[in-house]
Amino acid sequence: MSYRTANNIGLRTGAILLLACATGSLIHIYWKIFHRQVTWALGSDLRAHLEKIENGLTNVVHPLFHGSVKFTATIFTHNDIALATEIVLLCYSILSGFFLYLAIKESAFGKMNTLLAWAGALCIMSLSAIWLPNFNKYLYLNTGSPTVLHNPTTIVAKPFAFATLLLFAKALSNLSSEKSCSAFRFSIAAMVFAALSGLAKPNFNLAFVFAAPLLLGIFCLRGKISLQEASYLSLPIVCAAIVLLAQYLMKYETDQAVTSGITMNFMAVAAKRSDNPLLSLLFFSGFPLIVMLFYPRVFNKPLFLIVFCCFAVSCLQYLLLAETGPRRWHGNFGWGRMIIGPMMFAVCLSEYFHHLRRTGSLWERGKAAIASAVLLAHLVSGFLYLRQLLTTSSYF
């Protein structure tokens, strides 16, 4: 064995050990944050859900989270609801990280280094929206974050939303006469995950049922696919729409339907939560926007196109739609961008890594430096946010 080969093996082994330690540390941090929530040391949206679970009730909009906790408590924790909740949230978080890793690998034009994709997934699980104290007093409130650890149903919905996007893009890539069977199989799989995401939280499906037909329509108009080929991808869209409709009818058939509904009110809720909602969206998605600006080749990736369309629709829904009645100021139409946001980072990280290794001219190095600085700002803000969740009683 040559010296260079031995040195490469040593470096790779060291990188694996470093990433393994970082992964273990992040899992431990997530576990502590979830434990602080179930012991009420940290404020969160969990209390109302646990009260329903303990009383044997199931929310018609979030049955997957409630069912997961009940199943885990019955089988593994001797009916300890709090411990079961921690386990469920941690498992879904780990599953989200795995799908982010797959997204980074899948969206690479060439072969993506496994360790680099692993590191990228850890970055996304650690970052948050960019925090500027002079603009926003709070790390989370008014801006939101791709990393949401205080809302259990968002945590549960994310891995299934990520899987739906990955499979839909895979089906879109396989739309041809030779691969139509593969596209149909991916479409069926996407349908299953879309249903599961909707059973966790409706927000992803609420964006997907508008974004996916829009993207397919554009592909048809540009002659990239035929209407027959586009029909192969209708299954997840139809399934998501059916789940949404069922949840809407069941939710608004309750007593609260008398005073609650959905209305269009431009930036009413968003402006209530932020002095400048558009600037907040900029801080939320700074790195993906920089990558789109500097490296427009990213728009050639099917995965990026469906993720981008879903994210754009979710942002429009956040700015345009509002609930009426007692939930008016809850900002529930803002969850879609937080569910889809990590996938925007994943696809853009893949493109960023590609160009980071190929900086030639001064202009290319300058673009890489700017993108790196913005990504670093997301990461620093994320570490501050994690510290706040570990050391204070407030998630915002």
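Residues numbered from 1 in each chain as written. Predicted model: local features only at pLDDT ≥ 70, side-chain atom pairs only at ≥ 80, totals over all residues. Heavy atoms only, no water.

1. Regarding empty space enclosed by the protein
Stage number 1. This structure, assessed with the given rule, holds two cavities of 30 Å³ or more.
Stage number 2. Every element with two or more residues in the lining of the largest cavity is listed here: α4 (81-106) and α6 (152-173).
Stage number 3. Empty space within the second largest cavity amounts to approximately 50 Å³.
Stage number 4. In this structure, the second largest cavity is lined by Val 269, Tyr 318, Leu 321, Ala 322, Glu 323, Arg 327, Arg 328, Gly 331, Asn 332, Phe 333 and Gly 334.
Stage number 5. No other element matches the three residues that strand β2 (residues 321-324) contributes to the lining of the second largest cavity. (1 Å grid on protein atoms, 1.4 Å probe; cavity = no way out; pocket = protein on both sides within 12 Å on 5 of 7 lines; lining within 4 Å. Points joined across faces, edges and corners; volume = space filled by probe spheres on them. Helix = DSSP H or I, 4+ residues; strand = E, 2+ residues; numbered from the N terminus.)

2. Observations concerning α4
Stage number 1. Helix length check: α4, at 26 residues, gives a terminal C-alpha distance of 37 Å against a target of 38 Å (1.5 Å per residue), a fit within 8%.
Stage number 2. The N-cap residue of α4 is Asp 80: its side-chain oxygen and the backbone nitrogen of Ala 82 are 3.3 Å apart. (Expected span 1.5 Å × (residues − 1). Polar contact = N/O pair within 3.5 Å; in protein donor to acceptor, adjacent residues only side chain to side chain.)

3. Details of the side chain of His 62
Stage number 1. Inspection of the secondary structure puts His 62 in the loop between α2 (46-54) and α3 (63-75).
Stage number 2. Contacts of His 62, omitting those with residues within four sequence positions, involve His 49, Thr 153, Leu 199, Ala 200, Lys 201 and Pro 202. (Contact = heavy atoms within 4.5 Å.)

4. Quick look at unusual backbone geometry
Stage number 1. Despite not being glycine, Trp 40 shows a phi value in the positive range, around 65°.
Stage number 2. Note on placement: Trp 40 falls in the loop between α1 (3-38) and α2.
Stage number 3. For Trp 40, a relative accessible area of 39% gives the class partly exposed.
Stage number 4. Positive phi is not limited to glycine here, since Asn 79 has a value of about 65°.
Stage number 5. Relative to the assigned elements, Asn 79 resides in the loop between α3 and α4.
Stage number 6. Of the residues examined, Asn 79 reaches a relative accessible area of 56% and is grouped as exposed. (Buried < 20%, exposed > 50% of the residue type's maximum accessible area, 1.4 Å probe, protein only.)

5. Points about the pattern of salt bridges
Stage number 1. In this structure the tally under the stated criterion is four salt bridges.
Stage number 2. Close ionic contact of Lys 301 with Glu 351 constitutes a salt bridge, the shortest N to O distance being 3.0 Å. Of this pair, Lys 301 sits in the loop between α13 (286-294) and α14 (302-320) while Glu 351 sits in helix α15 (residues 335-356), and the two are 50 residues apart along the sequence.
Stage number 3. Accessibility expressed as a relative area gives 4% for Lys 301, which makes it buried.
Stage number 4. Between Lys 367 and Glu 364 there is a salt bridge; the shortest N-O distance is 3.1 Å. Placement of the pair is Lys 367 and Glu 364 together in helix α16 (residues 362-391), with a separation of three residues, close to one helical turn.
Stage number 5. When its relative accessible area of 7% is taken as the criterion, Lys 367 is described as buried. (Salt bridge = Lys/Arg side-chain N within 4 Å of Asp/Glu carboxyl O.)

6. Focus on helix α10 (residues 234-251)
Stage number 1. The end-to-end C-alpha distance of α10 is 26 Å, a good match for the 26 Å that 18 residues give at a rise of 1.5 Å each.
Stage number 2. Residues of α10 that are buried include every one of Pro 236, Ile 237, Cys 239, Ala 240, Val 243, Leu 244 and Gln 247, and no others. The arc that holds every buried residue of α10, seen down its axis, measures 165°, which confines them to one face. Looking at α10, the residues exposed on the side facing more than 90 degrees away from the buried face are Ile 242 and Leu 245.
Stage number 3. Of the surrounding elements, those touching the buried residues of α10 are α6, α7 (180-200) and α8 (203-221). (Arc of directions from axis to C-beta.)

7. So, the layout of surface pockets
Stage number 1. When its volume is computed, the largest pocket comes out at roughly 1,200 Å³.
Stage number 2. By residue number, the principal contributor to the lining of the largest pocket is α10, which donates five residues.
Stage number 3. Within the lining of the largest pocket, the residues separate by chemical class into 17 nonpolar, 17 polar and nine charged. (Nonpolar A, V, L, I, M, F, W, Y, C, P; charged D, E, K, R; others polar.)

8. Quick notes on the packing of α8 against α15
Stage number 1. It is the contact of α8 with α15, at a shortest axis distance of 8 Å, that shows an interaxial angle of 80°. Considering their axes alone, α8 and α15 lie roughly perpendicular with respect to each other. Judged by residue contacts, Asn 203, Phe 204 and Ala 207 of α8 engage Trp 335, Gly 336, Ile 339 and Ile 340 from α15.
Stage number 2. Among the residues forming the contact of α8 with α15, the class breakdown is five nonpolar, two polar and no charged. (Axes fitted to C-alpha atoms, helices over the stretch in contact; angles between N-to-C directions. Parallel < 35°, antiparallel > 145°, perpendicular 65-115°, else oblique.)

9. Quick word on the packing of α6 against α15
Stage number 1. Between α6 and α15, the least distance of the axes is 9 Å, while the angle of their chain directions is 55°. Taken together, the axes of α6 and α15 lie oblique to each other. Crossing angle aside, the handedness with which α6 passes α15 is right-handed. From α6, Thr 154, Ala 157, Lys 158, Ala 161, Phe 162, Leu 165 and Leu 166 reach across to α15, where they touch Trp 335, Met 338, Ile 339, Pro 342 and Met 343.
Stage number 2. Its residues placed into classes, the contact of α6 with α15 shows 10 nonpolar, one polar and one charged. (Left-handed = near helix turned anticlockwise from the far one by under 90°.)

10. Notes on a nonpolar patch on the surface
Stage number 1. Together, Leu 245, Tyr 248, Leu 249 and Ile 262 make up an exposed nonpolar region whose accessible area comes to about 380 Å².
Stage number 2. Broken down by element, the nonpolar patch gets its largest block of residues, three residues, from α10.
Stage number 3. Mapped onto the fold, Tyr 248 is located in helix α10. (Patch = residues over 30% accessible without salt bridge, like charges linked within 9 Å, V, L, I, M, F, W, Y side chains within 5 Å. Areas by Shrake-Rupley, 256 points an atom, 1.4 Å probe, with all protein chains shown as cover.)

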